[in-house]
Amino acid sequence: MAHKKELDYMNGIGCLLVVLIHVLSIGVNRADRSSPLAAAVYLLWRLAACAVPMFLYTGAVKMARQFGDARLTPGVHFRYILRRFTKIYLPYAAWVVVYYLFFLRIGYVRGGVGELASYLLIGNLSAQFYYVVVIMQFYLLMPLWVWMLRHVRAYAAIGVSLMIRLCMLQLPAVLTGLGIEFPYTNRIFPAYLVFWVAGLYAGKYYDAFTPTTRERPVQAVSILTVAVYACLTLREYVTGETLFDLDQIKIFTDLLSVVLLHGAALKLTESDGPLTRALGWVHRASFSVFLSHCLFLTAVTASLENAGVTRLSVLLAARFLVCYTVPFLLYYVFHRASGWRERRVPS
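Residues numbered from 1 in each chain as written. Predicted model: local features only at pLDDT ≥ 70, side-chain atom pairs only at ≥ 80, totals over all residues. Heavy atoms only, no water.

Description of the overall build of the chain
The line we're drawing: Strands are runs of DSSP state E lasting at least 2 residues, helices are runs of H or I lasting at least 4, and numbering of each runs from the N terminus. For a compact globule the rule gives 2.2 Å times the number of residues to the power 0.38, and the radius of gyration it is set against comes from C-alpha atoms. Exposure categories follow from relative accessible area, calculated using a 1.4 Å probe and restricted to protein chains: below 20% of the type maximum is buried, above 50% is exposed, and the middle band is partly exposed. We call two residues contacting when some pair of their heavy atoms lies within 4.5 Å. Methods summary: accessible areas were calculated by the Shrake-Rupley approach with a probe of 1.4 Å, and residue burial reflects only the protein chains presented. Charged residues are defined narrowly, with Lys and Arg counted positive, Asp and Glu counted negative, and His plus the chain ends left uncounted. The atoms used to mark charge sites are NZ of Lys, CZ of Arg, CG of Asp and CD of Glu.
From N to C terminus, the chain includes 15 helices and 0 strands. Compactness check: the chain gives a C-alpha radius of gyration of 21 Å against a globular reference of 20 Å for 347 residues, within 12% of the reference. Across its three principal directions, the C-alpha atoms of the chain cover 65 × 60 × 50 Å. For the chain, with 347 residues in total, the buried portion stands at 46%. In the chain, 82% of the contacts between residues at least 6 apart in sequence involve partners at least 24 apart. Surface accessibility of the chain: about 18100 Å² in total, with carbon and sulfur atoms responsible for 65%. Computed over 32 positive and 17 negative side-chain charges, the separation of the two mean positions in the chain equals 9 Å.

Things to note about the packing of helix α3 (residues 51-67) against helix α6 (residues 130-140)
Spelled out, the test is: Axes here refer to lines fitted to C-alpha atoms; in helices the fit is confined to the stretch in contact. Angles between the N-to-C directions go from 0 to 180 degrees. Note on angle classes: values under 35 degrees are labelled roughly parallel, values over 145 roughly antiparallel, values of 65 to 115 roughly perpendicular, and the remainder oblique. The sense of a crossing depends on the near helix, which, turned anticlockwise from the far helix by less than a right angle, makes the crossing left-handed and, turned clockwise, makes it right-handed. When residues are sorted by character, Ala, Val, Leu, Ile, Met, Phe, Trp, Tyr, Cys and Pro go into the nonpolar class, Asp, Glu, Lys and Arg into the charged class, and all the rest, Gly among them, into the polar class.
Contact geometry of α3 with α6 gives a least axis separation of 12 Å together with a crossing angle of 25 degrees. By the angle class used here, α3 and α6 are roughly parallel. In this structure, α3 meets α6 at a crossing whose hand is right-handed. Across the interface between the two elements, Val52, Phe55, Leu56 and Met63 of α3 pack against Tyr130, Tyr131, Ile135, Phe138 and Tyr139 of α6. For the contact of α3 with α6, the class distribution of residues is 9 nonpolar, no polar and no charged.

Some thoughts on the packing of α3 against helix α4 (residues 74-106)
Orientation of α3 relative to α4, taken along the N-to-C sense of each, is 150 degrees, at an axis distance of 14 Å. The orientation of α3 relative to α4 falls into the category roughly antiparallel. For the crossing formed where α3 meets α4, the hand is right-handed. Between α3 and α4, the residues in contact are Met63, Gln66 and Phe67 and Val76, Tyr80 and Arg83, respectively.

Description of the pattern of salt bridges
Cut-off, in case you're wondering: Only one rule defines a salt bridge in this text: a Lys or Arg side-chain nitrogen within 4 Å of an Asp or Glu carboxyl oxygen.
One pass over the full model with this rule turns up 7 salt bridges. Between Lys267 and Glu270 there is a salt bridge; the shortest N-O distance is 3.3 Å. In this structure, a network of salt bridges that share partners links the residues Arg214, Lys267 and Glu270.

Digging into helix α9 (residues 193-204)
For clarity, the cut-off: Expected span of a helix: the number of residues minus one, times 1.5 Å.
The terminal C-alpha atoms of α9, which comprises 12 residues, lie 17 Å apart, in line with the 16 Å expected from a rise of 1.5 Å per residue. Of all the 12 residues making up α9, 11 are buried; the element is thus mostly covered by neighbouring parts of the structure. Among the residues of α9, those classed as buried are Leu193, Val194, Phe195, Trp196, Val197, Ala198, Gly199, Leu200, Tyr201, Ala202 and Gly203. Looking at the buried side of α9, the elements it contacts are α3, α6, α7 (142-151), α8 (154-177), α10 (206-209) and α12 (246-268).

Structure representation (structure tokens):
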């Protein structure tokens with residue numbers, strides 16, 4: 001399977017967008033909604049929200065390209081899950097413990113083994129952790145996805161997954177009506193199924209599909225749709241008036257945003273400059289940064305607020321500066337230290 005640099009660039013972009021979402025969240029909640037600052041913050045925050053669908057999409061593309069034609073046995077599945085558990089879940093668990101100890105120190109959590117176990121299982125200790133819980137579900141179901149790629153046509157699989165996603169939007173209300181309390185519908189894989197399935201079939205038909213992401217009519221329609229959605233959500237944010245359920249439209253705009261970014265990443269593969277090298281490095285650092293950045297975000301925000309700093313522009317600037325430097329520096333130091341230790345080990 002040939003390595004596709006554009007998928008690395010997409011993950012690098014996704015990492016930067018995830019950090020941006022969390023940096024800007026305080027502005028979305030606290031800014032005067034009639035101000036230009038609020039409009040700018042909200043639009044950037046909303047447009048960046050395609051990051052998680054893009055991560056799911058690229059992960060599915062890679063799975064389809066790796067296993068779509070492979071002979072799948074229980075041993076192959078076990079080794080795959082073991083690698084995912086080692087590379088994804090164990091670092092996640094370690095960072096959950098780090099966050100928990102820090103939050104315990106500043107009084108954000110009560111303390112207790114049961115509480116910590118709950119956070120590990122549900123992924124709700126920090127805003128980004130739910131993604132790991134969701135992606136591990138997709139990894140565990142790898143044989144199902146391989147079977148689907150071989151036996152189900154793309155239009156049927158994507159159509160059904162889209163209907164499931166639309167139904168998932170109504171599930172909380174249905175459960176409430178039935179007297180069932182289950183606040184974790186956004187942490188089970190059907191809620192994100194359409195992005196995963198779209199990625200699987202994009203991976204299966206990769207060489208035929210990817211040129212369409214760079215076609216001008218596709219890009220024009222995608223940009224126009226996303227722009228209209230952005231304007232509608234901004235109006236709803238500023239006025240508080242809901243015309244119709246924009247969450248249903250967001251499914252399509254997220255998919256179109258992923259298509260746009262895939263086309264842009266393909267364009268980047270045509271050159272080897274500072275931007276592509278930077279995105280390649282960000283891709284390598286992305287999981288470490290993804291796990292760690294909210295810890296530094298919380299720390300800097302709490303420190304400033306405890307010192308009496310409440311001005312939103314200052315808080316946003318500090319959060320931006322810290323989150324786009326410290327987590328990356330931490331990865332760099334750890335990576336260099338690991339390389340130094342490997343060079344020191346006698347052969």
